[in-house]
Amino acid sequence: SPFSPSESPDQTLARDTIFALSSGAGKAGVAVIRVSGPGVKECLHRMTRRRHSELPADLPKPRRAAIRTLVHPTTGDTLDHALVIFFQGPHSYTGEDVAELHTHGGVAVVRAALDALASLPQFRMADKGEFSRRAFDNDKLDLTSLEGLADLLSAETEVQRKQALRQAEGALYKLCERWRTSMVRSLALVEAVIDFGEDENIEEGVYAQVRDSVYQLAEELRGHLADNRRGEIVRTGIHLAIAGPPNAGKSSFLNLLAQRQVAIVSDQAGTTRDVIESTLDIGGYPVVISDTAGIRESGDTIEMEGVRRAKERLAQADLRLILVDAHALLDGGQVSCHPAATDRLTSTLQHIGIGPVPGSSSAWPVNPDLIVLNKWDLVPPSARPRLLEQLTRHHPLARDGHVVPLSCLSQDGFTALLDRLTGRLRAAFDTADLANPGITQIRHRQHLRGCLEALENFLELEEADVVLAAEELRRAAHCLGQLTGRTGVEQILDALFSQFCIGK
Ligand code: GDP
């Protein structure tokens, strides 16, 4: 019968058939219930009817939507009219037979359908991420694609979504497989050298050929690792530090950021006490801002503490913005002869602990991405061009394009500042290079480093050490295997699937 459970080899373990609500909980227009496992055909046989028919409906053509009446498998009660899609294993998300029941999204409809499914033998509710786990077990997805999928489910901004989607589609997997294939080919050649040695007529220069290919691969891996952790930072959020002297307008600026254009994506308690971390969406980039407004810099000790913390935040941040009071750089409302404004900016920065150490010729300890001249409304219009010109010409940190005038009071200059900020973000964290899928997790980096290390060891060996050389190549390939999930992955899997929601 076409309804007997399918008997592909990977299902001989007589797995349960699992089901879950894959769409969001609560009242909705449509609900999607996903069913996967050996019992799917039987479920469709017992639970679906053609409209106005008492007879079991035939199995819908795979991947085609069919309208069916959903009935309870034992009582025959009509549950709902639904759109049913059948995916025949292995051509499905999980690799098993899968059905999707698109019912009306009412809470009672969904409950009735789930109860009906639960009454079938060997049917049970899916655990978190169990559909994806089956997909992995059936080789439909590798580990990096699964991680991409988990990231896609939690992506909050455009750039995160694009990066996650690329990984979910297998970009990193394909790259690793290309590398691994190359290593395995090299390994095969080296083993041929071991087996046949010089006495057999093995081609001249095979070992040199392998060396060349390993050398190139090592270069490629090195290039990939030298990515300034772009992918990881985009995945977890780009930390922006805002520093400036007391009363420069930092709180006003934060409020402005939070209110205008940039949506607050999430608020959560930061790692440090008294710090609220907000994730903002700036030009599609997830930007994490620590609001330390609670710590007031007044009084000597608190000021020193403030300076210490500001320095620490600047050092750890991915992006640095310094905000000063532009009016305070003026000399009685005017821009006086050349060094004055520049010197004032330097001493302002020194005062908050980020100037060069006085008396030493050492470089500036931080290199801000943007210097914001706040309270621009207080600078007389006639003095504005001159002030900007002086600073960009003469101040070592105020390179052209890095200095942005702003008035938090009137909001003048805010849009221009957001544009600049987006430009800096794009320059530093662009992840759109399709040929170069990013490393998005520390785990990836560790395995790639291990792999590179083995390749470098290989390159240091002489041809006489051919047995050791083979061992290094095997180790290199193994590292990539761990990255994509070919070996030794149980703990990674458990951690990963716990992030999934039920029904995925
Ligand atoms: P913070 O100590 O750096 O956080 O500075 P605040 O945001 O508390 O601002 C200090 C003072 O400057 C407040 O009285 C603000 O209203 C004022 N202020 C902030 N931005 C501007 C601005 O662009 N123009 C003017 N005129 N005043 C501002």
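Now for a look at the structure at hand. None of these values were measured; they are calculated from a predicted model.

Criteria and cut-off values
Residues numbered from 1 in each chain as written. Predicted model: local features only at pLDDT ≥ 70, side-chain atom pairs only at ≥ 80, totals over all residues. Heavy atoms only, no water. Axes fitted to C-alpha atoms, helices over the stretch in contact; angles between N-to-C directions. Helix = DSSP H or I, 4+ residues; strand = E, 2+ residues; numbered from the N terminus. Parallel < 35°, antiparallel > 145°, perpendicular 65-115°, else oblique. Left-handed = near helix turned anticlockwise from the far one by under 90°. Contact = heavy atoms within 4.5 Å. Nonpolar A, V, L, I, M, F, W, Y, C, P; charged D, E, K, R; others polar. Near = heavy atom within 4 Å. Polar contact = N/O pair within 3.5 Å; in protein donor to acceptor, adjacent residues only side chain to side chain. Areas by Shrake-Rupley, 256 points an atom, 1.4 Å probe, with all protein chains shown as cover. Buried < 20%, exposed > 50% of the residue type's maximum accessible area, 1.4 Å probe, protein only. Pairing = 2+ DSSP bridges. Core = buried A, V, L, I, M, F, W, Y, C linked by side-chain atoms within 4.5 Å. Arc of directions from axis to C-beta.

**Notes on the packing of helix α6 (residues 171–196) against helix α7 (residues 206–225)**
Piece 1. In the contact formed by α6 and α7, the axes pass within 10 Å of each other and the chain directions differ by 155°. One finds that α6 runs roughly antiparallel with respect to α7. Relative to α7, α6 is oriented so that their crossing is left-handed. Judged by residue contacts, L175, R178, W179, S182, M183, S186, L189, V190 and V193 of α6 engage V206, Y207, Q209, V210, S213, V214, L217, E220, L221 and H224 from α7.
Piece 2. Broken down by class, the residue content of the contact of α6 with α7 amounts to twelve nonpolar, five polar and two charged.

**Observations concerning the site of the ligand**
Piece 1. Neighbouring residues of the ligand: 16 residues in total, closest K250, S251, S252, D377 and C408.
Piece 2. A distance of 3.0 Å is found between an oxygen atom of the ligand and a backbone nitrogen or oxygen belonging to G249.
Piece 3. Measuring from an oxygen atom of the ligand, one finds a side-chain N or O atom of S251 at 2.6 Å.
Piece 4. In the complex, 75% of the free accessible area of the ligand, which totals 580 Å², lies under the protein chains.

**Concerning the environment of V403**
Piece 1. Residue position: V403 is located in strand β14 (residues 403–405).
Piece 2. Classification of V403 as buried rests on a relative accessible area of 7%.
Piece 3. Along the primary structure V403 and I371 are separated by 32 residues, whereas in three dimensions their C-alpha atoms are 4.8 Å apart.
Piece 4. When residues no more than four places from it in sequence are discounted, the contact partners of V403 are I371, L373, L388, T392, A398 and R420.

**Side note on the pairing of strand β1 (residues 17–21)**
Piece 1. Buried residues dominate β1, accounting for five of its five residues.
Piece 2. Relative to strand β2 (residues 30–36), β1 runs antiparallel, the two being bridged by four bridges. Bridging across to β2, I18 finds its partner in S36.

**Brief notes about the nonpolar core**
Piece 1. The biggest cluster of nonpolar side chains holds 34 residues, and the ones touching the most others in it are M183, L455 and F458.
Piece 2. Of all the elements in the fold, those that place two or more residues in this core are α6, α7, α14 (442–460) and α15 (466–484).
Piece 3. Considering every element that reaches this core, the biggest residue donor is α15, with nine residues.
Piece 4. If we skip the residues at most four places from it in the chain, L455 touches M183, V214, L217, A218, L221, L473 and A476.
Piece 5. V159, V234, I242 and A248 belong to the second largest nonpolar core, which has 30 residues in total.

**Thoughts on the sheet that holds strand β5 (residues 78–87)**
Piece 1. Spatially, seven strands are ordered β3-β4-β5-β6-β2-β1-β7 in an open sheet, and the strand pairing comes out mixed. Pairing within the sheet leaves two strands with one partner each, and these edge strands are β3 (48–49) and β7 (123–125).
Piece 2. Sheet topology places β2 next to strand β6 (residues 98–104); seven bridges connect them, and they run antiparallel. The residue of β6 that forms the bridge with V30 is H104.

**Some thoughts on helix α3 (residues 130–137)**
Piece 1. Of all eight residues that make up α3, six are buried, and the element is covered over most of its length.
Piece 2. Listed as buried for α3 are E130, F131, S132, R134, A135 and F136.
Piece 3. One or two steps after α3, the chain reaches D139, where phi turns positive at roughly 60°.

**Quick word on helix α12 (residues 384–394)**
Piece 1. When we look at burial in α12, the residues that qualify are L387, Q390 and L391. One side of α12 carries all its buried residues, which in axial view fall inside an arc of 90°. Summarising the geometry of α12, the exposed residues directed more than 90 degrees from the buried face are P385 and R393.

**Some details on the environment of G413**
Piece 1. Secondary-structure assignment places G413 in the loop between β14 and α13 (414–429).
Piece 2. Separated by 41 residues in the primary sequence, G413 and V372 place their C-alpha atoms 9.9 Å from one another.
Piece 3. Filtering out sequence-adjacent residues up to four positions away, G413 remains in contact with P405 and L406.

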